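Per-entry structural report
Listed below are the residues making up each chain.
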Amino acid sequence: MNVKGLIVLVTGGAGNFGQAIVKSLESSGASVVIMDLHELNKENYYKVDLCNEQQVEETVNSILIKYNRIDVLINNAGAIYSEPLINIMNPKQMRHSYDSFKKYVQINLDTAFITSSIVIEKMVRKRIKGVIINMSSISAVGNAGQSAYSAAKAGLIALTKTWSKELGSFGIRSVAIAPGFIDTESTSFALNDGIKKHLLKNTPLKKLGKVDDITKSILFAIENDFLNGTVIDVDGGLTI
Ligand SMILES: NC(=O)c1ccc[n+]([C@@H]2O[C@H](COP(=O)([O-])OP(=O)(O)OC[C@H]3O[C@@H](n4cnc5c(N)ncnc54)[C@H](O)[C@@H]3O)[C@@H](O)[C@H]2O)c1
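Being a predicted model, the structure only gives us computed values, none of them experimental. (Residues numbered from 1 in each chain as written. Predicted model: local features only at pLDDT ≥ 70, side-chain atom pairs only at ≥ 80, totals over all residues.)

Remarks on the overall build of the protein chain
Within the protein chain, the regular secondary structure consists of seven helices and seven strands. For the protein chain, the α and β elements follow one another from N to C terminus as β-α-β-β-α-β-α-β-α-β-α-α-α-β. A compact globule built from 240 residues would reach a C-alpha radius of gyration of about 18 Å, and the protein chain, at 18 Å, matches this within 12%. Each of the three principal axes of the protein chain carries a C-alpha extent, and together these read 55 × 40 × 40 Å. Classification of the 240 residues of the protein chain by burial places 38% in the buried group. Sequence-distant contacts, at least 24 apart, represent 72% of the contacts inside the protein chain between residues at least 6 apart. (Helix = DSSP H or I, 4+ residues; strand = E, 2+ residues; numbered from the N terminus. Rg over C-alpha atoms; globule rule 2.2 N^0.38 Å. Buried ≥ 20, exposed ≤ 12 C-beta atoms within 10 Å, placed from the backbone. Contact = placed C-beta atoms within 7 Å.)

Next up, the structure:
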């Protein structure tokens, strides 16, 4: 599938990855539409809380009135979150909060389910052979201190594989991207220097990835028509 001329919907398009994804798709000739909570002063931007099914449905309907179709959906919105299951340093509240577990599973997993189910229904009704790309993470294989985030990111891989089987007969492909540690503001914010050093030591390539490495994987996932149910690990070999 050639990226030129496609209508691509990017969730979380105002964030670090999102902005780079939008730029790379636009320079490849796609028309990009962004859904995010964060305000953006752009014509192709829709402010929406992706946890709210009604808001997402209304927004997708408005996008379709303006653009008529959505060929590619990139479920990129998310938020990293760390909390140990048992925190022995905090005897008053040792257990992981269930509220925060639900909140971060909702932000990282439910958002993709809500948006995809709405967009895919439109694709099927309009007989569009589209692509769904889910932004998972290296944490999907299990990361100590990240129960909610890891469970949600593993859930995204399960949805990718399930949809690849269920939607293949409509010609709709599903692909997951699983980035390792990429040099972005959210990574610097989430990781202290000690953890960064440890990660670099354990990454065969001995470096953090660049946002560019992610945007190239997205172009590849869109363009390769035989890719379906695949997880593209972009992690410098850390998970091998
Ligand atoms: N940065 C990394 O190294 C890295 C590594 C692995 C995976 N990821 C994943 O890649 C994606 C993008 O990461 P990033 O570094 O660009 O993060 P980011 O925080 O810069 O961007 C995330 C965007 O999602 C939006 N968002 C969050 N919740 C939302 C909601 N309920 N409704 C609408 N918008 C919402 C935010 O407003 C933000 O603009 C995330 O899913 C993240 O988990 C990032």
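Let's pick the thread back up.
What about the pairing of strand 1 (residues 7-11)?
Among the five residues of strand 1, five are classified as buried, and the element is accordingly described as predominantly covered. Side chains of strand 1 alternate between two faces, with Ile7, Leu9 and Thr11 and Val8 and Val10 buried alike. Regarding the hand of the β-α-β motif, the stretch spanning strand 1, helix 1 (residues 16-27) and strand 2 (residues 31-36) is right-handed. Taken together, the three bridges between strand 1 and strand 4 (residues 72-75) define a ladder with parallel strand orientation. (Right-handed = clockwise from strand over helix to strand, strands pointing away. Pairing = 2+ DSSP bridges.)

Side note on the nonpolar core
Across soluble globular proteins, nonpolar side chains show a tendency to be buried alongside one another. Core analysis: the biggest nonpolar cluster contains 59 residues, and Val8, Leu9, Ile74 and Ile133 have the highest contact counts within it. Considering each element in turn, this core owes the most residues, eight residues, to helix 3 (residues 98-125). With near-sequence residues (within four places) excluded, Leu9 lies in contact with Val33, Met35, Ile63, Ile70, Leu73, Ile74 and Val119. (Core = buried A, V, L, I, M, F, W, Y, C linked by C-beta atoms within 7 Å.)

Some remarks on the site of the ligand
Taken together, 27 residues form the shell around the ligand, and within it Gly12, Gly15, Phe17, Gly78 and Ile182 come nearest. Elements with a minimum of two residues in the shell around the ligand: helix 1, helix 3 and helix 5 (185-190). Among the elements that line the shell around the ligand, the one with the most residues is helix 1, at three residues. A class-by-class count of the residues in the shell around the ligand yields 13 nonpolar, 12 polar and two charged. (Near = placed C-beta within 6 Å. Nonpolar A, V, L, I, M, F, W, Y, C, P; charged D, E, K, R; others polar.)

Description of helix 2 (residues 53-67)
For helix 2, built from 15 residues, the straight-helix expectation of 21 Å at 1.5 Å per residue is met to within 8% by its first-to-last C-alpha distance of 21 Å. Burial in helix 2 covers these residues: Val56, Thr59, Val60 and Ile63. The arc that holds every buried residue of helix 2, seen down its axis, measures 100°, which confines them to one face. Every exposed residue of helix 2 that faces more than 90 degrees away from the buried side is listed here: Gln54, Asn61 and Ile65. Residues of helix 2 that are buried sit in contact with strand 1, strand 2, strand 3 (45-47) and helix 3. Asn68 sits one or two positions beyond helix 2 and adopts a positive phi of about 75°. (Expected span 1.5 Å × (residues − 1). Arc of directions from axis to C-beta.)

Re the sheet that holds strand 3
Taken together, the seven strands give an open sheet; going across it, the order is 3-2-1-4-5-6-7, and neighbouring strands pair in parallel fashion. This sheet does not close on itself; its edge strands, each paired only once, are strand 3 and strand 7 (230-234). Neighbour-to-neighbour, the strand axes of the sheet open up by a mean angle of 15°, direction not taken into account. Where strand 5 (residues 131-135) lies against strand 6 (residues 173-179), five bridges are found, and the strand directions are parallel. Residue pairing across strands places Asn134 opposite Ala176, the latter belonging to strand 6. Helix-sheet contacts for helix 1 involve strand 1, strand 2, strand 4 and strand 5, and the interaxial angle to strand 2 is about 165°. Running over the sheet, helix 3 touches strand 1, strand 4 and strand 5 and is turned about 170° from strand 4. (Axes fitted to C-alpha atoms, helices over the stretch in contact; angles between N-to-C directions.)

Observations regarding the packing of helix 2 against helix 3
Close contact between helix 2 and helix 3 brings their axes to 10 Å; oriented N to C, the two are set at 35°. Both helix 2 and helix 3 take part in a crossing whose hand is right-handed. Taking contact as the criterion, the partners of Glu53, Val56, Glu57, Val60 and Leu64 in helix 2 are, on helix 3, Ile114, Thr115, Ile118, Val119 and Lys122. Considered class by class, the residues forming the contact of helix 2 with helix 3 number six nonpolar, one polar and three charged. (Left-handed = near helix turned anticlockwise from the far one by under 90°.)

Examining the packing of helix 1 against helix 7 (residues 211-223)
Running from N to C, helix 1 and helix 7 cross one another at 50°; their axes reach a closest spacing of 9 Å. Classified by the angle between their axes, helix 1 and helix 7 sit oblique to one another. The two elements helix 1 and helix 7 cross, and the hand of that crossing is right-handed. Contacts between helix 1 and helix 7 involve Asn16, Phe17, Ala20, Ile21 and Ser24 from the former and Val211, Ile214, Thr215, Ile218 and Leu219 from the latter. Counted by class, the contact of helix 1 with helix 7 contains seven nonpolar, three polar and no charged residues. (Parallel < 35°, antiparallel > 145°, perpendicular 65-115°, else oblique.)

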